[in-house]
Amino acid sequence: MVSANGTSNGIVWAHQNGNPAVLHAYDASNLARELYNSSQAANGRDQFGAGNKFITPMIADGKVFVGTQAGVAVFGLLP
C-alpha cells in the first residue's frame, strides 16, 4: 500500500507475516530507507500479535489500519 501527500512524501507500507507480525514503512523514493517498523518501539508498544499472509495495510484519514487475527490495529500519530 502507498500513501502520499499529493505527489510528495510517498510512503510504502508493508506487512511482514510472523509472530508478532511487523508493519514496515519505507521511503517511496528510496526503498532501502526504512522510516518505521512496529517492532522498534520500547516494550513492544506497537506490536499487534500474530500475522496472517493475507493482511494488507489500508490508509485512511492519516491512519494505517492493519487486520489482525482478532481485530484491527490502528497506527497514527499520538495525541
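## A closer look at the pairing of strand S2 (residues 8-16)
On a regular strand, one side chain projects to one face of the sheet and the next to the other, so that they alternate.
Then comes step 1: Inspection of the sheet shows strand S1 (residues 2-5) paired to S2 by three bridges, in the antiparallel sense. When the bridges of S2 are listed, Asn5 appears paired with Ser8.
Then comes step 2: Strand direction decides the pairing type here: S2 and strand S3 (residues 22-27), joined by six bridges, are antiparallel. Within the sheet, the bridge partner assigned to Gln16 lies in S3 and is Val22.
Then comes step 3: Counting the residues that bridge the hairpin from S2 to S3 gives five residues.

## Describing the pairing of strand S6 (residues 63-67)
Then comes step 1: Burial of S6 is one-sided: the residues Val64 and Val66 facing one way are buried, the residues Lys63, Phe65 and Gly67 facing the other way are not.
Then comes step 2: In this sheet, S6 lies alongside strand S5 (residues 58-60) in antiparallel orientation, the contact comprising three bridges. Each residue of the ladder has a partner; that of Ala60, found in S6, is Lys63.
Then comes step 3: The antiparallel hairpin formed by S5 and S6 contains two residues in its connecting segment, where Asp61 sits at a positive phi of about 50°.

## Regarding the packing of aromatic side chains
Then comes step 1: Summed over the entire model, instances satisfying the criterion amount to one aromatic pair.
Then comes step 2: Residues Phe48 and Phe75 carry aromatic rings whose centres are separated by 5.7 Å and whose planes lie at 80° to one another, so their mutual orientation is edge-to-face. Within this pair, whereas Phe48 is found in the loop between strand S4 (30-37) and S5, its partner Phe75 is found in strand S7 (residues 72-75), the two being separated by 27 residues in sequence. This pair shows no difference in class: Phe48 is buried, exactly as Phe75 is.

## Thoughts on the sheet that holds S5
Then comes step 1: Read from one edge to the other, the open sheet built from three strands follows the order S5-S6-S7, with strand pairing classed as antiparallel. Of all the strands in the sheet, just S5 and S7 have a single pairing partner and so form its edges. Averaged over all neighbouring strand pairs, the angle between strand axes comes to 25°, with direction disregarded.
Then comes step 2: Relative to S7, S6 runs antiparallel, the two sharing four bridges. Its bridge partner lying in S7, Phe65 is registered against Val74.

## A look at the nonpolar core
Then comes step 1: In this structure, Trp13, Ala21, Leu23, Ala25, Tyr36, Phe48, Ile55, Val64, Val66, Ala73 and Phe75 together form the largest nonpolar core, which totals eleven residues.
Then comes step 2: Within the residue set of this core, elements represented by two or more residues are S3, S6 and S7.
Then comes step 3: Contacts of Ile55, omitting those with residues within four sequence positions, involve His15, Val66 and Gly67.

Conventions adopted
Residues numbered from 1 in each chain as written. Predicted model: local features only at pLDDT ≥ 70, side-chain atom pairs only at ≥ 80, totals over all residues. Heavy atoms only, no water. Pairing = 2+ DSSP bridges. Helix = DSSP H or I, 4+ residues; strand = E, 2+ residues; numbered from the N terminus. Buried < 20%, exposed > 50% of the residue type's maximum accessible area, 1.4 Å probe, protein only. Phe/Tyr/Trp six-rings, centres within 6.5 Å; stacked < 30°, edge-to-face > 60°. Axes fitted to C-alpha atoms, helices over the stretch in contact; angles between N-to-C directions. Core = buried A, V, L, I, M, F, W, Y, C linked by side-chain atoms within 4.5 Å. Contact = heavy atoms within 4.5 Å.

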